Amino acid sequence: MKNTAQNSNIRNIAIIAHVDHGKTTLVDAMFKQSGMFRQGKEVDDRIMDSMDLERERGITISAKNCSVIWEDIKINILDTPGHADFSAEVERALSMVDGAILLVDASEGPLPQTRFVLKKALTAGLRIIVAINKIDRPDARVDEVLDEIYDLFIDLDATDEQIDFPVLYAIGKDGVAKPSMEDDSEDLKPLFSKILSEIPAPSYDPDEPFQMLVSDLGHSDYTGRLAIGKISNGQVSSKDELVLMGADDKIEKIKVSSLQAYDGASLAVADHVEPGDIAVVSGTDNFKIGDTVCTKDYPKALPRIAVDEPTITMMFTITNSPFSGMEGKLVQSSRIRERLEKEALANVAISVEDTVERDRFKVKGRGEFQMAILVETMRREGFELCVGRPEVIFKEGENGEKMEPVERLYVDCEEAFTGVVTEKLSIRKARMVNLVNKRGRVNMEFSAPSRSLIGYRDEFLTDTKGTGIMNSIFSGYEPFRGEFPTRRTGSLVSDRQGKSVPYALYNLEPRGRLMITPGTPVYEGMIIGEHSKDRDLDVNPCKEKKLSNMRASGKDEATTCAPIKPLTLEQALNFINADELVEVTPLTVRVRKKILSKQKR
């Protein structure tokens, strides 16, 4: 019979929630109140959002570890993303913890990503503490939201023990949590107490040798690649002789060059790390997520992390436009491939495949948003590249039929926009599953093919005048639902290289929506706007007004162009057709035809 013991000095928890329900803000408050910072020290907000992109967008993109000490017990905290496109980050984080705090907005209630992250946590058998956050909102509906959470647990087939969850009411930004709405708590003591009493201490087998599952990867300029994971059994000391067991049980000897554990938001060197704690080990550059680090004398692999399979593919290639290499330092296909392979090592949801052409790479991932974040990160690192339209990955069914990924789509919009949203989605082969009218705002639920949502988000915001909320979550593969039109407009394509002039753009405005301003450098094959008709139109944005000594009797018409909103990367990816590419450089996002020459096209 298996012998089990618990390390009562440690608790491992993940904070899970929908996007923007307050995870990172709550972690900030936990840091400050646990005494991790000395009195009077100035501390930034959203400490865990370490990437520039996370700070700009106000979302968590990658799962991150930290720890606090409360009543002499170390609490390892994992801040997880709330977006389904980063599902692999959530799955990795949950492999290191024994419980989770589910944060739900007191007004918005459980949303699609709440369902997604909660399902993962329940499947992993974690103990859940529910915290209803932002109870100070004027539109908070605490009792209704709690009922919705119970409904969600039942809907996700939670066990009786899991449904009997403790509830806390919180204001994350003020660092307040209380067991009931009537309590006068002014800090997070009730939350810390619940973590210690409700979340089980990590269990291990005292008879088993040291084993650690690699759940995340890091990098140090001094020691190279870092393996991050929870120690399942045994303990490890610095300078121990260990082995790494890969996917095919291939064994590689490693000598631990550094051993670290989390101390607050940073890492601290440790002489030894106890079972159940989260350790950071270096010693080889061959660590991969899912590998097992164990002792040389008793090599025994742990079950590998399983993540949802990719549903979206996108083509990455070098730029071959006349402006290639003018703004970015990293333009070679070998550098692009190297960067993509590095991303695939650290992110198990992304895979890179070669194509027939040496300078084109097929990248598979969980969603278009995840891909956009990867491209945005690369351009900030100095890369110059072209990317194609995101496409879904089809499968073959048992009887040879074509299967496609399908999403469960949740739409929240004003009652007046119900008709236009339903019409647009039905054209895109979506089927309505549910509709609830809540005091003038309508909640609709659709079953929609993943390909129908590529490029629809901007159209949806236009149709609902910016007031609609749309969330989707992958629900599985279903038989192919047939073709449908994706974009009903063509492109205005520049027919020459030069600099755009106000006179030419002013006369092109009636043709459609322009994407460039006067003075923008253009080249043959570059898309300068959206044509109002369903075909492409080659235009000359560099045409200047003929100067002669003849003048009209009235004043010359002023060539004042309408203001242009710069195209963002996501808008560009949503806009392009199959024969178009987005050219991305550190300074500019351009849209272009795959074949630049007008004659060849």
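As the structure is a computational prediction, the values presented were derived from the model and not from experiment. (Residues numbered from 1 in each chain as written. Predicted model: local features only at pLDDT ≥ 70, side-chain atom pairs only at ≥ 80, totals over all residues. Heavy atoms only, no water.)

This part is about the overall build of the protein. A tally of helices and strands in the protein yields 14 helices and 38 strands. Among the 601 residues that make up the protein, the fraction classed as buried is 52%. Across the protein, the fraction of contacts at a sequence separation of at least 24, relative to all contacts at a separation of at least 6, is 71%. As displayed, the protein has an accessible area near 28,300 Å², and 47% of this comes from carbon and sulfur atoms. (Helix = DSSP H or I, 4+ residues; strand = E, 2+ residues; numbered from the N terminus. Buried < 20%, exposed > 50% of the residue type's maximum accessible area, 1.4 Å probe, protein only. Contact = heavy atoms within 4.5 Å. Areas by Shrake-Rupley, 256 points an atom, 1.4 Å probe, with all protein chains shown as cover.)

As a further point, take the confidence of the model for the protein. Per-chain confidence: the protein averages 80 in pLDDT, with 89% of residues scoring 70 or above. At the level of individual helices and strands, the protein shows its lowest average pLDDT in helix H2 (residues 52–57), which scores 46, and its highest in helix H10 (residues 418–427), which scores 90. Counting contacts from residues 37–51, a segment whose pLDDT is below 50, to residues more than four positions away or on other chains yields 39 contacts. This stretch, residues 53–62, has a pLDDT under 50; its non-local contacts, to residues over four places away or in other chains, come to 42 contacts. (pLDDT = per-residue confidence, 0-100.)

On to unusual backbone geometry. If you check the backbone angles, aspartate 157 has positive phi at about 60° while not being a glycine. By the element assignment, aspartate 157 lies in the loop between helix H5 (142–155) and helix H6 (160–163). Phi at lysine 429 takes a positive value of approximately 70°, unusual for a residue other than glycine. Following the sequence through the fold, lysine 429 ends up in the loop between H10 and strand E28 (431–438). Exposure remark for lysine 429: the relative accessible area of 30% places this residue in the partly exposed category.

Here methionine 245 is to be found in strand E14 (residues 241–245). Spatially, the C-alpha atoms of methionine 245 and leucine 302 are 9.1 Å apart, while their sequence positions differ by 57 residues. Dropping the residues within four chain positions of it, methionine 245 is found in contact with Lys250, Ile251, Asp291, Thr292, Cys294, Pro299, Lys300, Ala301 and Arg304.

The subject of this paragraph is the nonpolar core. Counting 42 residues, the largest nonpolar core has Ile128, Ile132 and Phe153 as the members making the most contacts within it. Per element, the largest residue contribution to this core is 6 residues, and it comes from H5. Ignoring sequence-local partners within four residues, the contact set of isoleucine 128 consists of Ala100, Leu102, Leu118, Ala121, Leu122, Phe153, Phe165 and Pro166. Counting residues in each nonpolar core, the second largest holds 32 residues, with Phe361, Val375, Met378 and Leu385 among its members. (Core = buried A, V, L, I, M, F, W, Y, C linked by side-chain atoms within 4.5 Å.)

So, on to the side chain of glutamate 404. Relative to the helices and strands, glutamate 404 resides in strand E27 (residues 402–414). Note on glutamate 404: relative accessible area 0%, which makes it buried. Engagement of the side chain of glutamate 404 in a polar contact is seen with the backbone nitrogen of arginine 481, the distance being 3.1 Å. For glutamate 404, the contacting residues outside a window of four places in its chain are Phe394, Pro449, Arg451, Gly476, Tyr477, Glu478, Pro479, Phe480 and Arg481. (Polar contact = N/O pair within 3.5 Å; in protein donor to acceptor, adjacent residues only side chain to side chain.)

Our next topic: the packing of H10 against helix H12 (residues 456–463). At a closest axis distance of 10 Å, the pairing of H10 and H12 adopts a crossing angle of 160°. As summarised for this structure, H10 and H12 are arranged roughly antiparallel, according to the angle between their axes. Handedness of the crossing formed by H10 with H12: right-handed. Across the interface between the two elements, Val420, Val421, Lys424 and Leu425 of H10 pack against Tyr456, Glu459, Phe460 and Asp463 of H12. (Axes fitted to C-alpha atoms, helices over the stretch in contact; angles between N-to-C directions. Parallel < 35°, antiparallel > 145°, perpendicular 65-115°, else oblique. Left-handed = near helix turned anticlockwise from the far one by under 90°.)

Moving on: helix H9 (residues 368–380). In this model H9 runs 18 Å from its N-terminal to its C-terminal C-alpha over 13 residues, within 8% of the 18 Å that 1.5 Å per residue would give. A large share of H9 lies buried, amounting to 11 of its 13 residues. Directly beyond the C-terminal end of H9, a positive phi value near 100° is found at glycine 382. (Expected span 1.5 Å × (residues − 1).)

Moving on, we get to the packing of aromatic side chains. The tally for this structure, following the rule as stated, stands at 6 aromatic pairs. Ring geometry for tryptophan 70 and phenylalanine 192: centres 4.2 Å apart, planes at 10°, overall stacked. In this pair, tryptophan 70 sits in strand E3 (residues 64–70) while phenylalanine 192 sits in helix H7 (residues 189–198), placing the two residues 122 residues apart along the sequence. Phenylalanine 192 sits in the buried class, given a relative accessible area of 0%. Consider the rings of phenylalanine 394 and phenylalanine 480, whose centres lie 5.7 Å apart with planes at 75°: the pair is edge-to-face. Of this pair, phenylalanine 394 sits in the loop between strand E25 (391–392) and strand E26 (395–396) while phenylalanine 480 sits in the loop between strand E30 (469–479) and strand E31 (490–494), and the two are 86 residues apart along the sequence. (Phe/Tyr/Trp six-rings, centres within 6.5 Å; stacked < 30°, edge-to-face > 60°.)

Of all 11 residues in helix H1 (residues 23–33), 8 are buried; the element is thus mostly enclosed. Taken together, the buried positions of H1 are Lys23, Thr24, Leu26, Val27, Asp28, Ala29, Met30 and Phe31.

Quick look at the side chain of glutamate 445 now. Along the chain, glutamate 445 falls in strand E29 (residues 441–449). Take glutamate 445: its relative accessible area is 15%, and that puts it in the buried class. Leave out the neighbours within four places in its chain, and glutamate 445 touches Arg408, Leu409, Tyr410, Arg431, Met432, Val433 and Asn434.

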